[in-house]
Amino acid sequence: MPSYEIRLARAGEEEAICDVCREGFAVSSDGLLTSANIERRAQEYYNPTRVRQEIATAGDEPRWLGYVVAVSEAGGVVGAAGGGISEGTAGNVYVLYLDLALRGQGIGTLLLDFVTEQQKSVGATEQWVSVTEGNNLGIPFYLARGFVVRGRVPYVMADDGTVEAHALRMSRAI
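Read on for a plain summary of the structure.

Thresholds applied
Residues numbered from 1 in each chain as written. Predicted model: local features only at pLDDT ≥ 70, side-chain atom pairs only at ≥ 80, totals over all residues. Heavy atoms only, no water. Pairing = 2+ DSSP bridges. Helix = DSSP H or I, 4+ residues; strand = E, 2+ residues; numbered from the N terminus. Axes fitted to C-alpha atoms, helices over the stretch in contact; angles between N-to-C directions. Polar contact = N/O pair within 3.5 Å; in protein donor to acceptor, adjacent residues only side chain to side chain. Contact = heavy atoms within 4.5 Å.

Here we take up the sheet that holds strand S7 (residues 163-173). Strand order in the open sheet formed by seven strands is S1-S2-S3-S4-S5-S7-S6, with mixed pairing between adjacent strands. Of all strands in the sheet, those with a lone pairing partner are strand S1 (5-8) and strand S6 (148-157), marking the two edges. The average angle at which neighbouring strand axes cross in this sheet is 25 degrees, direction not considered. Relative to strand S3 (residues 77-87), strand S2 (residues 67-71) runs antiparallel, the two being bridged by five bridges. Bridge pairing in S3 links Val-68 to Ala-81.

In this section: the side chain of Arg-7. The residue Arg-7 is located in strand S1 in this model. At 2.6 Å, the side chain of Arg-7 forms a polar contact with the side chain of Glu-13. When sequence neighbours within four positions are dropped, the list of residues in contact with Arg-7 reads Glu-13, Tyr-67, Val-68, Val-69, Val-71 and Phe-114.

What follows is the structure, given as structure tokens:
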């Protein structure tokens, strides 16, 4: 099995991070969100300018501890994650995606473990994540790592003001 380096993202990796995250978001949201909402959210969150800024400001404040990447032996970014502390001792996983062809090789777990250690190092004792209801890639991943569904909240609003999708709020002690 190939090995991967798990580390904080570096300047110059923003395009690769965006590619991995956009693809993962699109696949995990397919059938759950409209294509227009998938594209709109991908452009908002996974655009190189924003990601470049988020790499540059990693760790400046506990609310954003930075992008963590999985890098192949060939030097390519094959996964990305990131999180921070929202308030008190509550850590949040804001993003975690990887090259879908590499699922099942432990990369997602390595990324989550790195983010978890970051959060614990600044005092987190619990970890939260929001996953689109029906996301059959994300929900089983988090359940298998000890997260429990704690609630359901509106996530995406349709153009007519109705709720297009809900998110499951999941947490675990760390």
